[in-house]
Structures are given as C-alpha cells and as structure tokens.
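Structure at a glance
One-letter residues, chain by chain:
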Amino acid sequence: EPEVTQTPSHQVTQMGQEVILRCVPISNHLYFYWYRQILGQKVEFLVSFYNNEISEKSEIFDDQFSVERPDGSNFTLKIRSTKLEDSAMYFCASSRQLNQPQHFGDGTRLSIL
Amino acid sequence: SQKIEQNSEALNIQEGKTATLTCNYTNYSPAYLQWYRQDPGRGPVFLLLIRENEKEKRKERLKVTFDTTLKQSLFHITASQPADSATYLCALDMYGAGSYQLTFGKGTKLSVIP
C-alpha cells in the first residue's frame with residue numbers, strides 16, 4: 001500500500017539554525033499538509049498546500065515557516081531560525097481530495113538545543 | 001473555535017471485550033469525522049471516515065457512529081486484542097467553513113489486558 005515517507009526521522013539542531021524537513025506524499029494525491037505534535041499534546045494543523053500554493057495556514061505557521069514543492073514528488077517544510085519551542089514531532093500528510101482521508105507519515109522528531 | 005473532547009485519556013479493558021471510545025464536539029457541525037490510531041513515536045494511521053449523512057460505518061471489528069444532534073461519535077472495537085492497544089484520535093474537518101485542516105482531539109489511550 002502506498003505511504004507517505006518523511007526524512008530524517010530525527011533532526012537535532014542548534015537554536016537559531018535553519019532546518020528543512022522532507023516528505024514524499026502519496027503519488028496520486030493532490031492535497032498536502034504539515035502538522036506538529038508537541039510531546040504529550042494533540043496533533044495541531046500547520047499548513048495545507050494545493051496546486052502549488054498555500055491553501056491555509058494556522059497561527060503557528062508564522063514568517064519563520066515556509067513550504068515548498070520543489071519537484072513532482074517532494075514536499076518540504078523549512079523553519080528559518082529555530083526556537084526551543086519548535087521542538088516537536090512534525091507530520092506530513094496527503095489526501096487525494098479535500099474531503100477524503102488524510103494519510104500521515106511517521107514524522108520527523110525535531111529537537112532544538 | 002472548534003472544541004473536541006475525547007471522554008477519557010485512558011481506557012483499560014479485558015481482551016475479548018468491546019472497547020467504546022467517545023468523541024464530543026462543540027461550536028461547529030463537521031461534514032465528516034475521522035478516527036485514527038497512533039502508536040508511540042509513529043504517525044496517525046487512518047481507520048474510518050464517517051460523513052454527516054451516515055449514522056454508522058463498519059470495517060472488520062471496528063464500528064463508528066455519528067450523531068449530529070448530540071454532536072457525538074462513538075468508536076467501538078469488538079473482540080478486542082492486546083494488539084489493539086494504542087492511542088485513538090478523533091478528528092473533525094472544517095470543510096464546511098472552507099477550511100482544509102483537521103482538528104484533532106487529545107486522544108484516548110486504550111490498553112487491552114490479556
């Protein structure tokens with residue numbers, strides 16, 4: 001069964017550094033998402049992406065965050081200047097249509113030191 | 001804003017029994033509701049989606065109900081097994097409000113005791 005893949009599985013970065021999290025969504029899916037989950041808390045929406053542009057973003061997704069689909073398969077989340085509070089699991093998800101199930105990757109654990 | 005409550009943080013049941021998990025929501029009527037399973041250190045895995053015009057959905061040992069009057073969904077696992085032990089997440093769309101995001105509950109951690 002096709003799946004969403006994310007790399008790296010764990011990223012350790014110094015505060016203030018830039019980090020790029022990578023995702024390969026399911027190939028025939030059209031909608032792409034990033035969510036995050038701080039340890040022990042609920043999964044929170046960050047951003048959605050459709051037709052090569054951001055469809056929607058949450059309050060968490062400030063100017064330090066950006067997303068890109070650099071080619072036909074990859075979908076990336078960039079954090080420009082990381083803060084301690086950015087430490088979390090970051091999940092990429094994709095769906096075929098807007099009102100269909102979202103399929104998640106296994107996440108990247110981001111640790112900011 | 002949308003509020004979702006999953007009634008218990010943790011639920012312990014004996015193997016072979018039926019587990020029933022509850023999801024309540026306020027302030028919005030979603031077009032559909034989804035249930036996910038999450039294992040420690042892993043991403044949510046989609047289980048079932050039920051739409052607002054559906055009362056019940058089944059998949060193997062899983063059953064979901066959706067009561068839009070009560071603003072509640074129940075998730076049942078029949079003949080539970082230790083392998084069913086995980087955190088189960090309820091998620092609502094904001095599609096009717098023109099939104100792409102899913103709003104998740106905090107989850108219920110289910111432990112099936114042999």
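Whatever comes next refers back to the structure up there.
**Section: the nonpolar core**
Counting residues in hydrophobic clusters, the biggest one holds 22 residues, and the most contacted among them are B:Leu33, B:Trp35, B:Phe75, B:Ile77, B:Tyr88, B:Cys90 and B:Leu110. Contributing elements (two or more residues each) for this core: β3 (19–26), β4 (32–38), β5 (45–51), β7 (62–67), β8 (72–77), β9 (86–93) and β11 (108–113) of chain B. Among the nonpolar cores identified, the runner-up in size contains 21 residues, and A:Trp34, A:Phe75, A:Leu77 and A:Leu110 belong to it.

**Focus: the interface of chain B and chain A**
At the interface, 20 residues of chain B touch 21 residues of chain A. Taking both sides of the interface into account, the surface hidden between chain B and chain A amounts to around 1900 Å²; carbon and sulfur atoms contribute 58%. It is B:Tyr100, B:Gln101 and B:Phe104 in chain B that bury the most area against chain A; as a group they hold 34% of the surface buried on that side. Taken together, the links from chain B to chain A amount to one salt bridge.

**Digging into the layout of surface pockets**
In this structure, the largest pocket spans a volume of roughly 550 Å³. Lining the largest pocket are 23 residues, and of these A:Gln37, A:Gly40, A:Gln41, B:Gln38 and B:Thr87 lie nearest its centre. For the lining of the largest pocket, the secondary-structure elements that each account for two or more residues are β9 (88–95) of chain A together with β9 and β11 of chain B. Grouping the constituent residues of the lining of the largest pocket by class yields eight nonpolar, nine polar and six charged. If you add up the space inside the second largest pocket, you get close to 350 Å³. Forming the walls of the second largest pocket are 18 residues, and the residues nearest its centre are A:Glu3, A:Phe104, A:Asp106, B:Pro44 and B:Val45.

**Brief notes about the environment of A:Ile112**
Position of A:Ile112 among the secondary structure elements: in strand β11 (residues 108–112). Apart from the residues lying within four places of it in its own chain, the contact partners of A:Ile112 are A:Thr13, A:Gln14, A:Met15, A:Thr82, A:Lys83, A:Leu84, A:Asp86 and A:Ser87.

**Comments concerning the sheet that holds β3(B)**
Residues and elements named next belong to chain B. The antiparallel open sheet is built from five strands, whose spatial order is β1-β3-β8-β7-β6. Each having just a single partner strand, β1 (3–6) and β6 (56–59) make up the two edges of the open sheet. Mean inter-strand twist for the sheet, computed between neighbouring axes without regard to direction, equals 15°. As defined by bridge partners, β7 adjoins β8 across six bridges and the pair is classed as antiparallel. Bridging across to β8, aspartate 67 finds its partner in glutamine 72.

**Some remarks on the pairing of β7(B)**
All names here are of chain B. Bridge analysis of β6 against β7 gives four bridges, and the strand direction is antiparallel. In the strand pairing of β7, glutamate 56 is matched with threonine 65. In textbook terms, the turn of a hairpin is the stretch between consecutive antiparallel strands, and for β6 and β7 this stretch comprises two residues, one of which, glutamate 60, has a positive phi near 55°. Connecting β7 to the antiparallel partner β8 that follows it, the hairpin turn spans four residues, and lysine 71 within it adopts a positive phi of roughly 55°.

**A closer look at the state of the cysteines**
All names here are of chain A. Evaluated as defined, the whole model comprises two disulfides over all chains. Shown here is the disulfide that connects cysteine 23 with cysteine 92, its sulfur atoms set 1.9 Å apart. Residues cysteine 23 and cysteine 92 are joined through a disulfide that is left-handed, its torsion about the S-S bond being -65°. Placement of the pair is cysteine 23 in strand β3 (residues 19–24) and cysteine 92 in strand β9, with a sequence separation of 69 residues.

The rules behind these values
- Residues numbered from 1 in each chain as written.
- Chains lettered and ligands numbered in written order.
- Predicted model: local features only at pLDDT ≥ 70, side-chain atom pairs only at ≥ 80, totals over all residues.
- Heavy atoms only, no water.
- Core = buried A, V, L, I, M, F, W, Y, C linked by side-chain atoms within 4.5 Å.
- Buried < 20%, exposed > 50% of the residue type's maximum accessible area, 1.4 Å probe, protein only.
- Helix = DSSP H or I, 4+ residues; strand = E, 2+ residues; numbered from the N terminus.
- Contact = heavy atoms within 4.5 Å.
- Buried area = accessible area lost by both parts, 1.4 Å probe.
- Salt bridge = Lys/Arg side-chain N within 4 Å of Asp/Glu carboxyl O.
- 1 Å grid on protein atoms, 1.4 Å probe; cavity = no way out; pocket = protein on both sides within 12 Å on 5 of 7 lines; lining within 4 Å.
- Points joined across faces, edges and corners; volume = space filled by probe spheres on them.
- Nonpolar A, V, L, I, M, F, W, Y, C, P; charged D, E, K, R; others polar.
- Pairing = 2+ DSSP bridges.
- Axes fitted to C-alpha atoms, helices over the stretch in contact; angles between N-to-C directions.
- Disulfide = S-S within 2.5 Å.

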